[in-house]
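Each chain is listed here by its residues.
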Amino acid sequence: MNRMLKSQKTGFGVLMLAAAIIFGVSGNVLAQSGSFYVGASAGIERTDIEHSKTVDSTGVPSHFLQSGNIYHTSDSASETGFSGGLLVGYRLSLDPSDTFYLGVEIDGQFHDGTASGTLPGDGQSEGRNQYGEAWPDEWSVERKNSYGVTLMFGVSPPFLVSLLGPGTGVYALGGLRRLDTELTVDYNGCLNPRELCGPGEFESGTDSRDETFYAFTVGGGLEKMIGDKIGIRGEVRHTQYGEEKRGTFSEEEVKVPVSLDGSETGFSVKAVIYF
């Protein structure tokens, strides 16, 4: 996990350095070939989430019902939701004809949609009515806001210009994002470590926590200029989340680490204004 976070921080540093180089070069040498822009986006996204839980009773005293066992349970869910946001960027032409260009873009988005499922559970008892087993929890992950920095490389090939008209180009993109979510778990289980729980002895509760993903994004798009200042883009992105792991609680020596992982693929339409 530390290695992943270090890699993500390094990636952010590389992207920001590249952005600084683009802004610096354009400001001092090629100011006439670059343009700032602002815009808005709206899109639809398909998200896949995997939630897993391990219950480790290897440190539990031997006189408890569950001792020396490790149980693992996992579940996955998908959901389709919408997103919208604002963006600001800079485009730098690499040749006088503007056939090739580089761009850097910073954006913020809000998301809707909640992926939910049920962990199947794992253990020795048929009703999962022992303390120290993996209970069949109900869980959900709600996506909230995300923020990202993206680098783009674009080209306006002559065949595309002749087909769709002047001001048409395609671009590839790569970047990093931070996605804020909320994980909610509804549990119903046995909290008596020495006896099996009967039907009326289970205890229920809800555990909600904010979870943050740091993600890598790749994709591409097509842009068509309307006049000299307005561009309309159609863009496809795939975002791979970094796995998040943590421990939920440690009671009577039972350890319960959980993890979240996932990805999303989406299509968005963007309108930008160049200055």
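Up top is the structure.
Let me begin by describing the structure that accompanies this report. Remember, predicted model here, so these are calculated numbers, not experimental data.

Observations regarding the packing of aromatic side chains
Then step 1. Evaluated as defined, the whole model comprises 5 aromatic pairs.
Then step 2. For the pair F100 and F153, a centre-to-centre distance of 6.3 Å together with 20° between the ring planes defines the contact as stacked. Taken together, the residues F100 in strand β3 (residues 100–111) and F153 in strand β5 (residues 138–155) connect sequence positions 53 residues apart.
Then step 3. Note on F213 and Y241: the rings are 4.8 Å apart at their centroids and 25° apart in plane angle, and the pair reads as stacked. Taken together, the residues span a long stretch of sequence, with F213 in strand β7 (residues 203–226) and Y241 in strand β8 (residues 230–241) at a distance of 28 residues.
Then step 4. F213 sits in the buried class, given a relative accessible area of 0%.
Then step 5. Take Y241: its relative accessible area is 4%, and that puts it in the buried class.
Then step 6. Directly above the ring of Y101 sits R91, whose terminal nitrogen or CZ lies 3.6 Å from the centroid.
Then step 7. Over the aromatic face of Y37 sits the side chain of R233, whose NZ or CZ is 4.8 Å from the ring centroid.

Focus: the nonpolar core
Then step 1. Among the nonpolar cores identified, the biggest contains 13 residues, and I49, W139, V141, L183, F213, Y241 and L260 are the most heavily contacted of them.
Then step 2. Only β5, β6 (168–189) and β7 provide two or more residues apiece to this core.
Then step 3. It is β6 that provides the largest number of residues to this core, a total of 3 residues.
Then step 4. For W139, the contacting residues outside a window of four places in its chain are I49, H51, D75, S76, A77, A115, S116, G117, T118, L119, T184 and V185.
Then step 5. Core analysis: the second largest hydrophobic core is formed by 9 residues, Y37, Y101, Y171 and L173 among them.

Here's the deal with the pattern of salt bridges
Then step 1. Counting across every chain of the model gives 18 salt bridges.
Then step 2. A salt bridge links R233 to E105; the nearest nitrogen and oxygen atoms lie 2.9 Å apart. With R233 in strand β8 and E105 in strand β3, the pair connects residues that are 128 residues apart, well separated along the chain. Each member of the pair R233 and E105 is classed as buried.
Then step 3. Across the pair E182 and K144 runs a salt bridge, and its minimum N-O distance is 3.4 Å.

Here's the deal with the state of the cysteines
What is meant by a disulfide is a covalent connection between two cysteines, made through their sulfur atoms.
Then step 1. On inspection of all chains with the given rule, the structure shows 1 disulfide.
Then step 2. Covalent S-S linkage joins C190 and C197, the inter-sulfur distance amounting to 2.1 Å. Here the disulfide of C190 and C197 is right-handed, its torsion about the S-S bond being about 65°.

Considering the environment of V141
Then step 1. Looking at where V141 falls in the secondary structure, it is placed in strand β5.
Then step 2. Given a relative accessible area of 2%, V141 falls into the buried group.
Then step 3. Between the C-alpha atoms of V141 and A77, which are 64 residues apart in sequence, the distance is 9.4 Å.
Then step 4. With near-sequence residues (within four places) excluded, V141 lies in contact with I49, G113, T114, A115, T181, E182, L183 and L260.

Comments concerning the side chain of T73
Then step 1. Tracing the sequence through the fold places T73 in strand β2 (residues 70–93).
Then step 2. Residue T73 is classed as buried on the basis of its relative accessible area of 2%.
Then step 3. When residues no more than four places from it in sequence are discounted, the contact partners of T73 are H51, S52, K53, L119, P120, G121 and A134.

Here we look at unusual backbone geometry
Then step 1. Not every positive phi belongs to a glycine, and D98 is a case in point at roughly 60°.
Then step 2. Following the sequence through the fold, D98 ends up in the loop between β2 and β3.
Then step 3. With a phi angle near 50°, R128 is a residue other than glycine that sits in the positive phi range.
Then step 4. Relative to the helices and strands, R128 is located in the loop between β4 (114–118) and β5.

Quick look at the pairing of β4
Side-chain positions along a regular strand alternate between the two faces of the sheet.
Then step 1. The alternating pattern of β4 places A115 and G117 on a buried face and T114, S116 and T118 on a face that is not buried.
Then step 2. Bridge analysis of β4 against β5 gives 5 bridges, and the strand direction is antiparallel. Within β5, the position partnered with A115 by the bridge is V141.

As for the pairing of β2
Then step 1. Looking at chain direction, strand β1 (residues 34–56) and β2 are connected through 23 bridges and run antiparallel. By the bridge assignment for β2, H51 is matched with D75.
Then step 2. Of the strand pairs in this sheet, β2 and β3 are connected by 11 bridges, and their pairing is antiparallel. When the bridges of β3 are listed, G84 appears paired with F110.

Rules used throughout
Residues numbered from 1 in each chain as written. Predicted model: local features only at pLDDT ≥ 70, side-chain atom pairs only at ≥ 80, totals over all residues. Heavy atoms only, no water. Phe/Tyr/Trp six-rings, centres within 6.5 Å; stacked < 30°, edge-to-face > 60°. Helix = DSSP H or I, 4+ residues; strand = E, 2+ residues; numbered from the N terminus. Buried < 20%, exposed > 50% of the residue type's maximum accessible area, 1.4 Å probe, protein only. Lys NZ or Arg CZ within 6 Å of the ring centre and 35° of its normal. Core = buried A, V, L, I, M, F, W, Y, C linked by side-chain atoms within 4.5 Å. Contact = heavy atoms within 4.5 Å. Salt bridge = Lys/Arg side-chain N within 4 Å of Asp/Glu carboxyl O. Disulfide = S-S within 2.5 Å. Pairing = 2+ DSSP bridges.

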